[in-house]
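Here's the letter readout for the chains.
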Amino acid sequence: MGGPESSWENQWYWYADIFDRFFGGTQGPGGRTAMEARRNGSRRTGFSKPKPAGGLRVFVVGGSMAAQYDDEDSPVRPRLVEVLSRLYPGRMVEVVYCGMPGYDSYRESLIVEEIVGHEPDLVVFMTGNNENLPVAGKPSTRVALAMQWRRLLHGRPPSLAALWRGLKPEGTISFEGRLREMIRLVKGKGAEAVVCTLPRLYGVMPDAPLPMWDEGFRAGWAEWERGRFRSAARLFRGYAAAHPGDLMARALLGGALERCGDFRGAHAVFHAGQDSDINGTLRRVAREEGAVLADLHDAFEAVSAAVLDPRNARLMRDGVHWERQADPLVSAAIARTLAAPAREGSFVGLRGAMDASWLDRDAASWERAAVRLHPVSTRDFHGRVMEALMESRNAGPGFSEATIASFERLHRRYPRESAGLDGQREAMLRIKGSPWAQARDDEFERRWTAGLACLGEAYRRMGLRPLAKRYFAASLARDPDAAWPRLGLALCHHAAGETRARLVPSRRRGEGSGQGGTGSRQGGGGLRIGDAPLSRASGDARRGFVRGPRRRPPTPFPRAAATPGLPILREGQALRA
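Residues numbered from 1 in each chain as written. Predicted model: local features only at pLDDT ≥ 70, side-chain atom pairs only at ≥ 80, totals over all residues. Heavy atoms only, no water.

Scanning the chain from N- to C-terminus turns up 23 helices and eight strands. For the chain, the accessible surface area stands at approximately 25000 Å², while carbon and sulfur atoms represent 51% of it. (Helix = DSSP H or I, 4+ residues; strand = E, 2+ residues; numbered from the N terminus. Areas by Shrake-Rupley, 256 points an atom, 1.4 Å probe, with all protein chains shown as cover.)

Picture the strands of a sheet paired through backbone hydrogen bonds; they go either parallel or antiparallel. Pairing within the open sheet is antiparallel, and its three strands lie in the order β1-β2-β3. For this open sheet the edge positions go to β1 (23-27) and β3 (46-49), each flanked by a neighbour on one side alone. For this sheet, the mean angle separating the axes of adjacent strands, direction not counted, is 25°. As defined by bridge partners, strand β2 (residues 33-37) adjoins β3 across four bridges and the pair is classed as antiparallel. Its bridge partner being in β3, M35 is matched across the sheet by F47. (Pairing = 2+ DSSP bridges. Axes fitted to C-alpha atoms, helices over the stretch in contact; angles between N-to-C directions.)

What follows covers the side chain of R413. Note that R413 resides in helix α17 (residues 401-413). Accessibility expressed as a relative area gives 17% for R413, which makes it buried. A polar atom in the side chain of R413 sits 3.0 Å from the side chain of E323. (Buried < 20%, exposed > 50% of the residue type's maximum accessible area, 1.4 Å probe, protein only. Polar contact = N/O pair within 3.5 Å; in protein donor to acceptor, adjacent residues only side chain to side chain.)

A few words on the pattern of salt bridges. For the coordinates displayed, the defined rule picks out 33 salt bridges. One salt bridge in this structure joins D104 and R107, with 2.8 Å as the shortest N-O distance. The same class applies to D104 and to R107, which are both buried. Residues E367 and R336 are paired through a salt bridge, measuring 3.9 Å at the closest nitrogen-oxygen approach. Taken together, the residues E367 in helix α15 (residues 359-370) and R336 in helix α14 (residues 327-338) connect sequence positions 31 residues apart. Relative accessible area serves as the criterion here: at 25%, E367 is assigned to the partly exposed category. (Salt bridge = Lys/Arg side-chain N within 4 Å of Asp/Glu carboxyl O.)

For the rest of this paragraph, the subject is the pairing of strand β7 (residues 192-196). Most of β7 sits out of view: five of its five residues are buried. Side chains of β7 alternate between two faces, with E192, V194 and C196 and A193 and V195 buried alike. Here β7 pairs with strand β8 (residues 292-294) via three bridges, running parallel. Residue V195 lies in a different strand from β8, and its bridge partner there is L293.

Positionally, G25 belongs in strand β1. A relative accessible area of 43% places G25 in the partly exposed class. Through-space distance from the C-alpha of G25 to that of S48 is 8.8 Å; in sequence the pair is 23 residues apart.

The subject of this paragraph is the pairing of strand β4 (residues 55-62). For β4, a buried count of eight out of eight residues is recorded, marking the element as mostly surrounded by other parts of the structure. Along β4, one buried face is formed by G55, R57, F59 and V61 and the opposite face, lined by L56, V58, V60 and G62, is buried too. Examined bridge by bridge, β4 and strand β6 (residues 122-126) share five bridges and lie parallel to one another. The residue of β6 that forms the bridge with G62 is M126.

All right, on to a nonpolar patch on the surface then. Residues L145, W149, L152 and L153 make up a contiguous nonpolar surface patch of roughly 500 Å² in combined accessible area. Relative to the elements of secondary structure, L152 occurs in helix α5 (residues 141-152). Residue class for L152 comes out exposed when judged on its relative accessible area of 60%. (Patch = residues over 30% accessible without salt bridge, like charges linked within 9 Å, V, L, I, M, F, W, Y side chains within 5 Å.)

The quantities given are spatial measurements derived from coordinates; they are silent on function.
This is the structure in structure tokens:
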């Protein structure tokens, strides 16, 4: 959800570019003007002025969800322009993509104020994911003016610390208020507004430590690692009842139920522990403002329920972005709501002949295609690794459960590429549009080192000890004093019966200590386990990590979830490896 470059370096993107015109025009033959998106971070998109007679002009507005939708580099078809062209035969359809990574409703509203002057017939809103970002909201006038003056004088943007001191947003307009304003502005120009709800990847691990300091959770984790998932589910349920706000417990409870085959129960836990009220707001505002509701959330849930996938893991790339093969599902959801009998012919700009006879039949084939795993480019794999590294809010010592879970998903999708990740650092840095392209080198290096340790821990939990040892060693080669990969390496040796593995003390004072930790102590010597077998090591270490299983534990998802071409299953059928 971040911008095209790192938010801590590219302040122009958040606080200066937003006040520039989104489109710029070039005079063409016949007196027509070619309008093109010119803002930093925008897609190659545009339209012509004046609008062709009988044309149907559609704008898509939102954050990164809208920016990635119908990506021009994606081979997945059909795109929205093709779907709408079939729905409205004889109309020349233009789809203009105005999604901007990281934009919140305030920044989107500035784009809407511009596009309503370009004869829209339909505006599709994919908004709501970025309202809690630090940059969200209208920046203070002082910051906005300072940024504009510095840019005019060719100066550098102010430091991030200076920006934080002046970033208190002006006004008190909520997301709901801005969404209402944008819908009214669009409808006031005679166009129609489509509001999309937000699909979710469920069971996402929070960026927090495992609460090993709690005896109940620690007992559940011990059963989890031993593969006793019914017992783990019972213990996690008790912990979740005592700590209703702990998302970690709910994620693991849902995962344990899923491994037991209780897919409905797993989905209920995931949904209750992760769903926010944002979709309720989107539905209510669309209904009260007379906008069209494209319920992407329910559309994704229906497809995932058909294949007993309680996480939406086949359709979702990460917590908020869907896989490109799901783009046709989104287009179908938009087309279906436009073709609803109660709405047909009711929109000023959409009146005319409509042919929806093909929609249900073709949408069913798109659903079947969406749950298959499609080959993805190496560039896309590297981009997903970057996203995994960014799952953690910091690059300090210690394991990030969010990053570990991301690497587990990567291994299931790209096992060969993930196994060779340690040799792909330079290739990743060359990704066009990489969020690290203009970031500080030391920031990437810290995250890369921590990421190698997290990948090692992901492999350890999956029972792939040779790969786990390899990546723990790779992390230690870059940071020999790191305590966490040393502990992971010792656990691998212990699980293999090599009980005299040593953990060399860290030279950093207190590294690896803290709540949830993994066998750490506060003090000048850091972590000390010494020559003793791990099972007889310090109490802190035994509480931090339970003894690992000698057999390979089950993977976090049913193994059939990685089988290409999985057919739609009837309700009640179970996935089989």
